[in-house]
Amino acid sequence: KEFFSPTAQNFITNEIITPILNILLGVLIASNIPMIFISIVASICNIEDVAMLNNLGTKILKRFFAVMFFISGMAILISGIFFPVINFSFDGEFLTRNSDEFRQIFNLFLSIVPQNIFTAFIEQNILQIVVIAWLTGFCITILGEKVSGLKEIVLDAKQLIYEIVKIIFKLIPAIMFLCIFKTTLTISFSSMFAVWKIIAAEYSTYFVITSIMLLRIKIKYDVKILDFLKKCYPAFLISFVTCSGSAAMPKNIEVCEKDLKIDKNL
């Protein structure tokens, strides 16, 4: 940052780095969307027993929504320490500074259920895509032999999209370099300190939720936490630098299969 004038910084950032970074991230995330959808559908299609699928699907949905509500609730509570928005009176009534804030939180939960299938993919809404994928895979399994050809197409598409993602994933080093370069060029320490509440709320939320999740894994599965973190570190690093969980998805799957030895079907 010290080697460039403000004019040069703006030119490099806005005219060179940002357009290239947007294209690279766009290609990576765009390829991840069909990968997530097809992976879920194909995994469900591999379950032949409808009764087992029904039992397993119910458990997965319960866990999915339980984890989502837990993370959202913790984020709201911790953020409230730094940005008081919703207060609860002793008589159980909501006292809000701005009713729109509470409405936005409530709409966040409602937005999980897609109202338009195509919009979910266009807007890259991962939660909605997961719901659509689950319903699609469930219906294909129920129909069974009636749509056997469709099932084969989905399973073949899974292999195809995985190969495409592996090729595109080679862009990750360039994306990470551009993200770091852009950050160091445009954001000074004083600017970061000026929004310390946002940073503190965000990373406090990460720390609390991660600690609880790791503690659960330790108690339930007797996993060595340090070994677990070392194996997951590559996926964590990509997600942290690019600020995108979708960008880290291919590496996440690779870590699960090769390092954590999780079965592919699971």
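About the thresholds
- Residues numbered from 1 in each chain as written.
- Predicted model: local features only at pLDDT ≥ 70, side-chain atom pairs only at ≥ 80, totals over all residues.
- Heavy atoms only, no water.
- Helix = DSSP H or I, 4+ residues; strand = E, 2+ residues; numbered from the N terminus.
- Buried < 20%, exposed > 50% of the residue type's maximum accessible area, 1.4 Å probe, protein only.
- Contact = heavy atoms within 4.5 Å.
- Areas by Shrake-Rupley, 256 points an atom, 1.4 Å probe, with all protein chains shown as cover.
- Expected span 1.5 Å × (residues − 1).
- Patch = residues over 30% accessible without salt bridge, like charges linked within 9 Å, V, L, I, M, F, W, Y side chains within 5 Å.
- Salt bridge = Lys/Arg side-chain N within 4 Å of Asp/Glu carboxyl O.
- Core = buried A, V, L, I, M, F, W, Y, C linked by side-chain atoms within 4.5 Å.

A.B. asks: Could you clarify how one ought to interpret the overall build of the protein chain in this entry?
C.D. replies: When helices and strands are tallied, the protein chain shows eleven helices and two strands. Ordered by position from the N terminus, the helices and strands of the protein chain form the series α-α-β-β-α-α-α-α-α-α-α-α-α. Of all 266 residues assigned to the protein chain, the portion counted as buried reaches 29%. Residue pairs at least 24 apart in sequence account for 72% of intrachain contacts in the protein chain once pairs closer than 6 positions are excluded. Accessible area for the protein chain stands at about 17,700 Å²; split by element, carbon and sulfur atoms hold 68% of it.

A.B. asks: Would you mind showing me how to read helix H5 (residues 126-143) here?
C.D. replies: The periodicity of an α-helix, 3.6 residues per turn, causes residues three or four places apart in sequence to face the same way. Taking 1.5 Å per residue as the helical rise, H5 with its 18 residues ought to reach 26 Å, and the 26 Å between its terminal C-alpha atoms agrees with that figure. In this fold, the buried residues of H5 make contact with helix H1 (6-45), helix H2 (50-82), helix H4 (117-122) and helix H6 (148-168). Of the residues one or two after H5, Gly144 is the one with positive phi, at around 60°.

A.B. asks: What is the right way to look at a nonpolar patch on the surface in this model?
C.D. replies: A cluster of nonpolar residues, Phe11, Ile16 and Ile20, forms a patch on the protein surface that exposes about 270 Å² of accessible area. Mapped onto the elements, Phe11 comes out in helix H1.

A.B. asks: What am I meant to see in the nonpolar core here?
C.D. replies: Considering soluble globular proteins, one finds that nonpolar side chains tend to be buried as a cluster. Ranked by size, the top nonpolar core spans 18 residues in total, and within it Leu21, Leu28, Ile172, Ile175 and Ile238 carry the most contacts. Beyond its immediate chain neighbours, meaning those up to four positions away, Ile238 contacts Phe169, Ile172, Met176, Cys243, Ala247, Ala248 and Lys251. Phe37, Ile140, Val147 and Val154 belong to the second-largest nonpolar core, a separate cluster that totals 13 residues.

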